[in-house]
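Here are the chains, one letter per residue:
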Amino acid sequence: QELKEVLAAPRPRGDVSPSRDANRLLRSVEETVSEKLRRCDAAAELCERLARRMEWQLNPEDTRAGSGVPGEQNAYEGMVLQREGPWSLYDSKGRYSFDDTSGWLSTAGSKVGQFICRRLQPFPLSLDENFSPSERSVKIASDLVAEMQKVENQGALFMVSSQLNAVAYPSVETLVHHVEDYKHQHSSAAEGQLAAHPAAAQFLLDNAANVERVGGINGLDLLLSRVEGFQVTNGYLKFLPAKPAEEAENLKNLQKELHNLRSVIMEDLSVKGSRPDRSLAGRDHRVGLFYAGSVEGDGEYQMKVAELLLTAQYYGALRYATESANRRRKVFLTPLGKGWELAMAKAMRMLDEDAWSRLNVSCLVENAAASQELQGLLQPTRSASPVTASKASKASKAPRELFRPSDDSSDGDFRPSPIQESSTESRITVLMRRVDHQASELQSLREKNEELSEAVDQYNLQQKVSRSLAGLES
């Protein structure tokens, strides 16, 4: 409207050139049109992504998340939902970006690490107790963060305790949104997340599967699409009510489909995270992180499920290490939950002699009795038998602050209430409303673009007529 008024304003006789105000307004219109077009494209891409996510949720058997293998088509579809975002830890901060073709995570133009979320292997695992008869010798280490910071461990693969969505939530009801909040946790899972570059930890928090988003990183999504009786909520495995006969069937199917468990890995990851004293490290060497989670439960059924999943995760870490390096690779395994000694020993014996010879394995354990138990299980003369492990010790201090206010919040005492689990139907309803909202916004932007285009066309026509009348155009 302002442009129309300027064009309609009287000019001196014979003056057909546009005024400076008209030129200024024209540039403003052109810039506005370009910005609106950019926003239209962004809104259209978001709508398409939301629609794919909703289709993925409604038909998981037909549209599962991608393979998680770098280089494959749509490898991170339904898994990596946020490709850019800010991170901050102590006095350092920046923005990360993710390339969903190569799987590389970058910040400030430098590669931080490569994200992999692949299936364990394409064929079923062999868990028939026909383990290798030879002795498996492992070293004992005590501190994950200290070992990661050692330059001599360049290229090693470290197993990091996490939930089954590769992050460290304090409980099934409490989510963490910012890597800074890990500083207030006193757990090995949080320390593992902080030990490497904070951009990687923030990327995982922004994309972990939880009740706030549809899709995301979930190590059990492929497996549970084929097995009934279980559910993952915020990275924690939940056991659905089942009769004894159903439990037996669930265990049988779980063992059959264990090879569909995902190995969640950050490879070639920069070690610029928190040191044991919780100050920011200045190291520039790189390691690999393998994220693995335990399963809680006290019953016989729960313990059997936990043993299967732990064995598969330990085996997955060892198998990946043998395949990902041209030379002998160091591997640091972490105790996870009850019965980890037996699960770890089984996984080691599942490797053949050639694969084992390509590994240099250490176990990150501080308990001398547990270390002796593991060494005993690895002796060739001792058969594997059920082990009753002591309960993992609770954190000595409760988290003081797990959340921080957003940048636009003025409430310094902001604390979100615990997030309650929502049903699939309710999440789909919310998602459909979001899609409708984005579609409405897109239509509104298109209408505004049409109006702006008409104004520009009118201005161009007036200029052409004026120049024609002045004899400047034929």
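Each remark here, short or long, concerns the structure printed above.
The model shown is predicted, which means the values in this text are computed figures rather than measured ones.

Scoring rules and cut-offs
Residues numbered from 1 in each chain as written. Predicted model: local features only at pLDDT ≥ 70, side-chain atom pairs only at ≥ 80, totals over all residues. Heavy atoms only, no water. Helix = DSSP H or I, 4+ residues; strand = E, 2+ residues; numbered from the N terminus. Buried < 20%, exposed > 50% of the residue type's maximum accessible area, 1.4 Å probe, protein only. Areas by Shrake-Rupley, 256 points an atom, 1.4 Å probe, with all protein chains shown as cover. Core = buried A, V, L, I, M, F, W, Y, C linked by side-chain atoms within 4.5 Å. Contact = heavy atoms within 4.5 Å. Phe/Tyr/Trp six-rings, centres within 6.5 Å; stacked < 30°, edge-to-face > 60°. Axes fitted to C-alpha atoms, helices over the stretch in contact; angles between N-to-C directions. Parallel < 35°, antiparallel > 145°, perpendicular 65-115°, else oblique. Left-handed = near helix turned anticlockwise from the far one by under 90°. Pairing = 2+ DSSP bridges.

A. Region of interest: the overall build of the protein. Scanning the protein from terminus to terminus reveals twelve helices and twelve strands. Per-residue burial for the protein yields a buried fraction of 47% across its 474 residues. Per element, the accessible surface of the protein, about 24,200 Å² overall, is 47% carbon and sulfur.

B. Inspection of unusual backbone geometry at higher detail. Despite not being glycine, Tyr90 has its phi angle at roughly 55°, a positive value. Mapped onto the fold, Tyr90 is located in the loop between β1 (84-89) and β2 (92-98). According to the relative accessible area criterion, Tyr90 is partly exposed, its value standing at 28%. Its identity as a non-glycine residue notwithstanding, Asn234 has a phi of 55°, on the positive side. As for its placement among the helices and strands, Asn234 is situated in the loop between β7 (230-233) and β8 (236-239).

C. Up close: the environment of Ala370. Assignment of secondary structure puts Ala370 in helix α11 (residues 368-377). In this structure, the C-alpha to C-alpha distance between Ala370 and Trp340, residues 30 residues apart in sequence, is 9.5 Å.

D. Representation of the nonpolar core. Tyr314 and Leu333 are the most contacted members of the largest nonpolar core, which totals 57 residues. Per-element tally for this core: the top contributor is helix α8 (residues 300-323), with 13 residues. For Tyr314, the residues in contact, after removing those within four places along its chain, are Met159, Leu333, Thr334, Pro335, Leu336, Trp340, Ala343, Met344 and Ala347. Counting residues in hydrophobic clusters, the runner-up holds 51 residues, among them Leu144, Val145, Leu194 and Tyr291.

E. Representation of the packing of aromatic side chains in the model. Counted by the stated rule, this structure contains ten aromatic pairs. Centroid distance Tyr96 to Phe203: 5.8 Å. Interplanar angle 85°. Geometry classified as edge-to-face. Taken together, the residues span a long stretch of sequence, with Tyr96 in strand β2 and Phe203 in helix α5 (residues 198-207) at a distance of 107 residues. On the accessibility criterion, Tyr96 (1% relative accessible area) is buried.

F. Molecular detail of the packing of α8 against helix α9 (residues 340-349). Packing of α8 against α9 leaves a shortest axis separation of 8 Å and a crossing angle of 45°. Here α9 runs oblique to α8, going by the angle between their axes. The interaxial crossing formed by α8 with α9 has right-handed handedness. Across from Glu307, Leu310, Thr311, Tyr314, Tyr315 and Leu318 in α8, the residues of α9 making contact are Trp340, Leu342, Ala343, Met344, Lys346, Ala347 and Met348.

G. Highlighting the pairing of strand β10 (residues 286-292). For β10, the buried fraction is high: six of the seven residues fall into the buried class. Examined bridge by bridge, strand β6 (residues 157-161) and β10 share five bridges and lie parallel to one another. Considered in β10, the bridge of Val160 is made with Tyr291. Where strand β9 (residues 262-270) meets β10, five bridges bridge the pair, whose relative direction is antiparallel. Directly across from Ile265, in β10, lies its bridge partner Phe290.

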